[in-house]
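Examining the three-dimensional arrangement
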Amino acid sequence: MASEQFEKNILCIGAGYVGGPTMAVIAAKCPQYKVTIVDINSERIKAWQTDELPIYEPGLLDIVKQARNRNLFFSTEITENIKQADIIFVSVNTPTKTFGEGAGKSADLQYWEKTARDILAAAEEDKIIVEKSTLPVRTAAALERILHSNDKGIHFDIISNPEFLAEGTAINDLLDPDRVLIGSRENESGRRARQEIVDIYANWVPRDRIITSNIWSSELSKLVANAFLAQRISSINSISALCEMTEANISEVAYAIGRDSRIGPKFLNASVGFGGSCFKKDILNLVYIAESYGLTEVAAYWEQVVKMNEYQEHRFVSTMIKALFNTVSTKRIALFGFAFKADTGDTRESPAIYVTRQLVEERAHVVITDPKALDNARIDLQDILDKVEFEPDPYKAAEEAHAAAILTEWQAYKSLDYERIYNSMQKPAFIFDGRNILDHQKLFDIGFHVYSIGKSPLTHFEEQ
Ligand code: NAD
Ligand code: UGA
């Protein structure tokens, strides 16, 4: 079906944080394929066609520019592009359901099912459909039922190819992945389709990093990978609370345990809590799936990872309030960072949202600064815009503040002039490092009262 100029027509439905970067990399690495990305959001599609991309991701613009209008195209024309595609990646959002059965836990598959029905309605020939979105295990069975309900005699092969990129490092994760996972039905047609997807990645990913499996293992592995990653953060965060009680230092503990090669050093940074669009939703989805199979203990085990994260966010705000003499009412508090992690403008499930709302609830005057996330912060806080201030310049945000709190580990915050910040703040001046990125002794020497995660506070007050 591909035009003479190209070997294959690849379509991606969903031009978001995953669809955009993933397809841009495929297009950049495989000029022999035509790659088209469609979305119902015309603003997003328009932005992908400019140099003001709809998402901030280091290195993304360069990759997009390599391929855009050569073999990478963005469009809102869904039906026609489905017709022309040989392979369709579906990368639409799969948020937590907010209504009806499973509300608050299970995945809301309405966007997913809508694309399945669009494909069914438009397709005129056999196609390979690739699950790129993160989905509950056994979604492919439902998808097969929908797609094979056609009376046009069209055959669809369903492939699971979950995405493991992390925001902020997406381009490197895509160019040099630890692994690519491709699952299929274990019959002849399924294996043939799987090989077609393997062949795409083999254009730049070493073959031994391309893992193939049965389709259910692939679907489930995505949820499990996120659950394990988040579990490490909740584990270290739980120990940070114990460190604060015992004068143990969480950085020293993390280093000591991480030197055990069985544990390893990564993902052991204690923090104000994990955010991001996926960890919470994917664990809750896993919990829901376990519950629905009657595996109550399994569900409770994983749910605790999310509860520990909520506890950590809550603990951070409590520490602030306690340190600020049990009241933040009318106090100006500067929050450094609103994105859920550095190097992204994404604020979905960012701990900063919870911290801001709790402080506002306590009637603090909150000033938010962030190099990339202020637009999203305004949307997240639209119901309390009269109670918060947005200030791109961290120095201005801190002026006359009683306290500053680091909520995102932006590199730039490590090298600010904290002497200048201290001089412009109200005294006593407090700093709360929710990411443990600053030099706490230096801040203490400047005059700050310093609170961090999992370490004894450094204060100038006499013990009572
Ligand atoms: P996103 O919200 O940024 O993008 C999804 C896009 O799909 C949106 O632009 C939306 O308009 C579009 N869409 C929804 N319904 C559509 C339809 N019927 N037709 C056409 N377009 C439609 O979401 P995302 O962060 O890219 O995540 C997509 C999936 O990938 C989710 O399942 C997520 O769990 C998974 N995932 C995300 C990440 C990440 O870092 N964000 C990483 C790995 C996996
Ligand atoms: C995560 C996974 O790392 C990806 O592999 C996965 O593809 C993706 O979810 C997804 O499915 O959406 P992402 O959420 O983009 O990626 O970012 P992470 O680097 O995992 O960080 C998540 C959160 O955990 C951030 O708030 C981060 O600050 C926090 N974190 C991370 C810690 O608090 N401590 C750490 O040691 C590591």
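Residues numbered from 1 in each chain as written. Chains lettered and ligands numbered in written order. Predicted model: local features only at pLDDT ≥ 70, side-chain atom pairs only at ≥ 80, totals over all residues. Heavy atoms only, no water.

This brings us to the nonpolar core. Judged by nonpolar contacts, the single largest core of 65 residues is most densely connected at F336, L359, Y418, F432 and F448. Apart from the residues lying within four places of it in its own chain, the contact partners of Y418 are F336, I406, Y413, I431, L438, L443, I446 and F448. Residues I88, I215, F274 and V305 belong to the second largest nonpolar core, which totals 44 residues. (Core = buried A, V, L, I, M, F, W, Y, C linked by side-chain atoms within 4.5 Å. Buried < 20%, exposed > 50% of the residue type's maximum accessible area, 1.4 Å probe, protein only. Contact = heavy atoms within 4.5 Å.)

Below, the discussion takes up the state of the cysteines. Inspection of the entire model under this criterion finds zero disulfides. No disulfide involves C30; its sulfur sits 14 Å from the nearest other cysteine sulfur, which is in C12. The class of C30 is buried, set by a relative accessible area of 0%. (Disulfide = S-S within 2.5 Å.)

Around ligand 2 lies a shell of 21 residues, among which L165, S271, C278, F340 and R435 are the nearest. The separation between an oxygen atom of ligand 2 and a polar side-chain atom of K222 is 2.8 Å. At a separation of 2.6 Å, an oxygen atom of ligand 2 approaches a polar side-chain atom of R435. A total of 690 Å² of accessible area belongs to ligand 2 in isolation, and the protein chains cover 90% of it. (Near = heavy atom within 4 Å. Polar contact = N/O pair within 3.5 Å; in protein donor to acceptor, adjacent residues only side chain to side chain. Areas by Shrake-Rupley, 256 points an atom, 1.4 Å probe, with all protein chains shown as cover.)

Another aspect to go through is the environment of K83. Relative to the helices and strands, K83 resides in helix α4 (residues 78-84). Residue class for K83 comes out partly exposed when judged on its relative accessible area of 25%. (Helix = DSSP H or I, 4+ residues; strand = E, 2+ residues; numbered from the N terminus.)

Right, let's talk about the site of ligand 1 for a bit. Near ligand 1, the surroundings consist of 27 residues, among which D39, R44, T94, E167 and K281 are the closest. Y17 is positioned with one of its backbone polar atoms (N or O) 3.0 Å from an oxygen atom of ligand 1. The side chain of K281 places a nitrogen or oxygen atom 2.6 Å from an oxygen atom of ligand 1. Within the complex, the protein chains bury 93% of what would otherwise be the 830 Å² of accessible surface of ligand 1.

Attention shifts here to helix α13 (residues 351-361). Three or more residues of α13 are buried, namely P351, A352, I353, V355, T356, L359 and V360. In the core, the buried residues of α13 are packed alongside α12 (296-323), β9 (332-336), β10 (365-369), α14 (374-380) and β11 (388-390).

A cluster of like negative charges, contributed by E77, E80, E124, E125 and D126, occupies part of the molecular surface. Mapped onto the fold, E124 is located in the loop between α5 (110-122) and β5 (127-131). (Patch = residues over 30% accessible without salt bridge, like charges linked within 9 Å, V, L, I, M, F, W, Y side chains within 5 Å. Salt bridge = Lys/Arg side-chain N within 4 Å of Asp/Glu carboxyl O. Lys, Arg positive; Asp, Glu negative; His and termini not counted. Charge placed at Lys NZ, Arg CZ, Asp CG, Glu CD.)

All right, on to a nonpolar patch on the surface then. Residues I239, L242 and M245 make up a contiguous nonpolar surface patch of roughly 330 Å² in combined accessible area. By secondary structure assignment, the location of M245 is in helix α9 (residues 215-246). Take M245: its relative accessible area is 71%, and that puts it in the exposed class.

The next subject is the sheet that holds strand β3 (residues 72-75). Strand order in the open sheet formed by eight strands is β3-β2-β1-β4-β5-β6-β7-β8, and the pairing between neighbours is mixed. Among the strands making up the open sheet, the edge pair consists of β3 and β8 (210-214). Strand after strand, the sheet turns through a mean of 25 degrees between neighbouring axes, direction not considered. Across five bridges, the pairing between strand β7 (residues 180-184) and β8 is parallel. Of the residues in β8, the one forming a bridge with V180 is I210. This element, α5, spans β1 (8-13), β4 (87-90), β5 and β6 (156-160) of the sheet and lies at about 165 degrees to β4. (Pairing = 2+ DSSP bridges. Axes fitted to C-alpha atoms, helices over the stretch in contact; angles between N-to-C directions.)

Below, the discussion takes up helix α8 (residues 188-201). For α8, with 14 residues, the first-to-last C-alpha span of 21 Å sits near the 20 Å given by 1.5 Å per residue. For α8, the full list of buried residues reads S189, G190, A193, R194, I197, V198, I200 and Y201. (Expected span 1.5 Å × (residues − 1).)

Now for the sheet that holds β10. Pairing is parallel in the open sheet, where six strands are placed in the order β11-β10-β9-β12-β13-β14. The open sheet has two edge strands, β11 and β14 (449-452), and neither has a second partner. Within the sheet, the average angular offset between the axes of one strand and its neighbour, ignoring direction, is 20 degrees. Bridging between strand β12 (residues 403-406) and strand β13 (residues 430-433) involves four bridges; their strand directions are parallel. For A404, the partnering residue across the bridge sits in β13 and is I431.

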